[in-house]
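Single-letter residue listing:
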Amino acid sequence: MAAGGLLLRLAGPAGDPRAARAGLLPVVAALLLAGLPLALLAIEAIATTSSATGIDQARVADAALNTIVTAIISTTIALTLGGGLALLVALTDMPGRRALGGLALLPMLIPSQIAALAWGRLFDPAGPVAGWLGLTSFGGHPLEGAAGVWLVMGLEHSPIGFLAVIGAATRIPAEPAEAARIAGAGPTLALAVAARPLIRPALAAAAALGLISAAGNFGVPALLGIPGAYPVMATLIYQQMSGFGPAGLGDVARLAALLGLGTLILLHLSGRAAGRAARVADSGRIIGRLPLRRGRRLLAVLVWVPMLAISLGPLLALIAASLVPAPGVPLTATTASLDGFRMMVDPRHGALGAMATSAVLASLAAMASVLIAVPIGLFAARGGRAARLGAGAFDLALAMPGTVFAIAVILMLLPPLPGLGVSLYGTPFILLAAYLGRFPALVLAPVMAAAGRLDPAPEQAARLAGAGVARRILAGTWPALAGPAAGGALLVLLTAFNELTLSALLWSRGAETIGVAIYARQAEGDTAAAAALALASLVASLALALTGLRLLARLPGLNAAFGDQR
């Protein structure tokens, strides 16, 4: 009762007891869905003193070292490619800059397991690309192993570097560059002098985010690392859990806690780097673009050709793989077949059921995330301390690698539920619970940003008129929050529809997700069906994104959430 009373006093803004009561339920939901699993994981990791599965410590050390090396190298690739493109787009007059910026963000739309599958098909040892590059003499698949994981993960995470650097490069002040020119510096050196105070902290923040993303990435090391005997922590946790089941939960809890601890350290470093970036003052005048003169067209060709190859090559290889009966078979009029797509729509193969399961779970997660996150975001933006605690729990759950949070959810929901005597483990409900613990943060961020800029007058007028909390929110604040909340819901829908990291450990027989279906078919050697299903998933995601964006354009409040940038 004491804890409940404390939460009741802290859930909503001070001085508004009815709002506090209304905010209590979503705050409790946040603590139960996001905070409790992570707390149980920490307790289990500390309490486990002996190994139940006899896991080899040398194998753990090998996976930990591989995780660190993979994170560093892939992040270096991501920052070099993404940051370099951002500097070209923001600071030069190279032709086609806007389209190049869109192309640089394309990897964000492709789930990691589909990207790994597409790159794997592009560099198939029996295919033309591996032959042209002379990679067939090495034996085996050239991308299955450490180098393939580093390369594909680096390309997949390149939008992190692009977004971080272009945000800083578009607000470089003109005065330092002008002072450097007066002192005798050339245009390029003057630009470098002016850009460095903004670009360095942006790169540092992007590096920390890239390291976090790499440490938690499961799709790429699962499809390219496991076949190449290159384990990282995320795949080691998956293999231990798949091999020993709940009997090995104590061991995998310790592995997950180790990975989660590393993530917390990186989050701390990311926050410090972001803080340094924010302290750099904006100037009234922004530096002009660097004129490339005669070299602008040549540079455009040198940049566009490899970017098109990187962006379109894997997708074309994926299409070709879906139309041939086996890897290495050349695509000709004779060999072309739609068997992969026929198997995809055959109910006996379960692919349509997997798409339906993913669609239902993602839709439920998106709707429930809005219901939970809107009141928490609103009250947190107004200073409700418990609401801020709930928001922090969701943020932490989202920042944790998916395998870490999946193990935490198993620890919470493996025992029978109190009062019901049934366990959710082995049912689709445990996956839905994991989605509801991890994805509401995608709605919270834009809702909190919009709520912080709301005009309180309409809601105060409704309060003076005697309206209840729900009516005040619906009439006074919901119209301004609808757009940001819908945008966050679209992110939840797209993320949950294609995710593999959680469902690889939490899927149940008869209710596999589309990510699990693609991974399973690729692991079984049914490449055509895996490629066909991956293409169908991409088309469905693209259709969802385009439809959602068109609907979002009709809703108010997006500028309030994301600033007034155009």
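Residues numbered from 1 in each chain as written. Predicted model: local features only at pLDDT ≥ 70, side-chain atom pairs only at ≥ 80, totals over all residues. Heavy atoms only, no water.

**Re the overall build of the protein chain**
We apply this condition: Each helix is a run of DSSP H or I of at least 4 residues and each strand a run of E of at least 2, with the numbering of both proceeding from the N terminus. Contacts: residue pairs with any heavy atoms within 4.5 Å of one another. Areas reported here follow the Shrake-Rupley algorithm with a probe of radius 1.4 Å; residue values treat only the protein chains shown as occluding.
The number of helices and strands found in the protein chain is 26 helices and zero strands. Long-range pairs, those at least 24 residues apart, make up 80% of the contacts in the protein chain between residues at least 6 apart in sequence. Put simply, the protein chain shows about 25600 Å² of open surface, and 68% of that area lies on carbon and sulfur atoms.

**Topic: the pattern of salt bridges**
Spelled out, the test is: Salt bridges, as used here, are contacts in which a Lys or Arg side-chain nitrogen is within 4 Å of a carboxyl oxygen on Asp or Glu. Think of it in three bands: residues with accessible area under 20% of the maximum for their type are buried, residues over 50% are exposed, and the middle band is partly exposed, with areas taken using a 1.4 Å probe on protein chains only.
Overall, the coordinates contain five salt bridges when judged by the stated rule. Residues arginine 254 and aspartate 251 are paired through a salt bridge, measuring 3.4 Å at the closest nitrogen-oxygen approach. In this pair, arginine 254 and aspartate 251 both sit in helix H13 (residues 249-278), three residues apart, roughly one turn of the helix. Among the residues examined, aspartate 251 registers a relative accessible area of 3% and is labelled buried.

**Here's the deal with empty space enclosed by the protein**
To keep things clear, this is the line we draw: Each cavity reported here is a set of points on a 1 Å grid over the protein atoms alone in which a 1.4 Å probe fits but cannot get out, each pocket an open set with protein on both sides within 12 Å along at least five of seven lines, and each lining residue one with an atom within 4 Å of a point. Grid points are joined across faces, edges and corners, and a volume is the space filled by probe spheres set on the points. Three residue categories are used. Nonpolar comprises Ala, Val, Leu, Ile, Met, Phe, Trp, Tyr, Cys and Pro, charged comprises Asp, Glu, Lys and Arg, and polar comprises the others, including Gly.
Scanning the model with the defined rule gives two cavities of 30 Å³ or more in all. Size it by volume and the largest cavity reaches roughly 260 Å³. At the level of secondary structure, the elements contributing two or more residues to the lining of the largest cavity comprise helix H3 (57-91), helix H4 (97-104), helix H5 (112-122), helix H7 (146-156), helix H8 (158-169) and helix H14 (295-322). At five residues, the largest contribution of residues to the lining of the largest cavity is made by H14. When the residues that make up the lining of the largest cavity are grouped by side-chain class, the tally is 18 nonpolar, three polar and one charged. One number sums up the size of the second largest cavity: a volume of about 40 Å³. In terms of lining residues, the second largest cavity is bounded by Thr67, Thr70, Met153, Ala214, Ala215, Asn217, Pro221 and Val232. At the level of secondary structure, the elements contributing two or more residues to the lining of the second largest cavity comprise H3 and helix H10 (187-216). Classifying every residue of the lining of the second largest cavity by side-chain character gives five nonpolar, three polar and no charged.

**A short note on the layout of surface pockets**
Considered as a void within the structure, the second largest pocket measures approximately 400 Å³ in volume. Around the second largest pocket, the lining is made up of 20 residues, and of these Arg121, Gly127, Pro128, Ala317 and Ala320 lie nearest the centre. Elements represented by at least two residues in the lining of the second largest pocket include exactly H5, helix H6 (128-132) and H14. No other element matches the five residues that H14 contributes to the lining of the second largest pocket. In terms of residue class, the lining of the second largest pocket is built from 15 nonpolar, three polar and two charged.

**Structural notes on unusual backbone geometry**
Peptide bonds are mostly trans, and most non-glycine residues show a negative phi. Not every positive phi belongs to a glycine, and alanine 229 is a case in point at roughly 55°. Its location among the elements puts alanine 229 in the loop between helix H11 (219-225) and helix H12 (233-244).

**Considerations on the nonpolar core**
Threshold: Put simply, buried Ala, Val, Leu, Ile, Met, Phe, Trp, Tyr and Cys residues joined by side-chain atoms within 4.5 Å make one nonpolar core.
By size, the foremost hydrophobic cluster in this structure holds 126 residues, and its most contacted members are Leu318, Ile407 and Leu502. The biggest single contributor to this core is helix H16 (residues 351-381), with 16 residues. When residues no more than four places from it in sequence are discounted, the contact partners of leucine 502 are Gly402, Phe405, Ala406, Leu431, Ala434, Tyr435, Arg438 and Phe439. Val165, Ala177, Leu191 and Ile287 belong to the second largest nonpolar core, which has 31 residues in total.

**Description of helix H9 (residues 174-182)**
This is how the line gets drawn: Note that the arc is computed from the directions linking the helix axis to the C-beta atoms.
Regarding H9, the residues found buried are Ala174, Ala177 and Ala180. With its buried residues spanning 130° around the axis, H9 presents them on a single face. Those residues of H9 that are buried are in contact with H10. After H9 finishes, the residue glycine 184 shows a positive phi value of roughly 105°.

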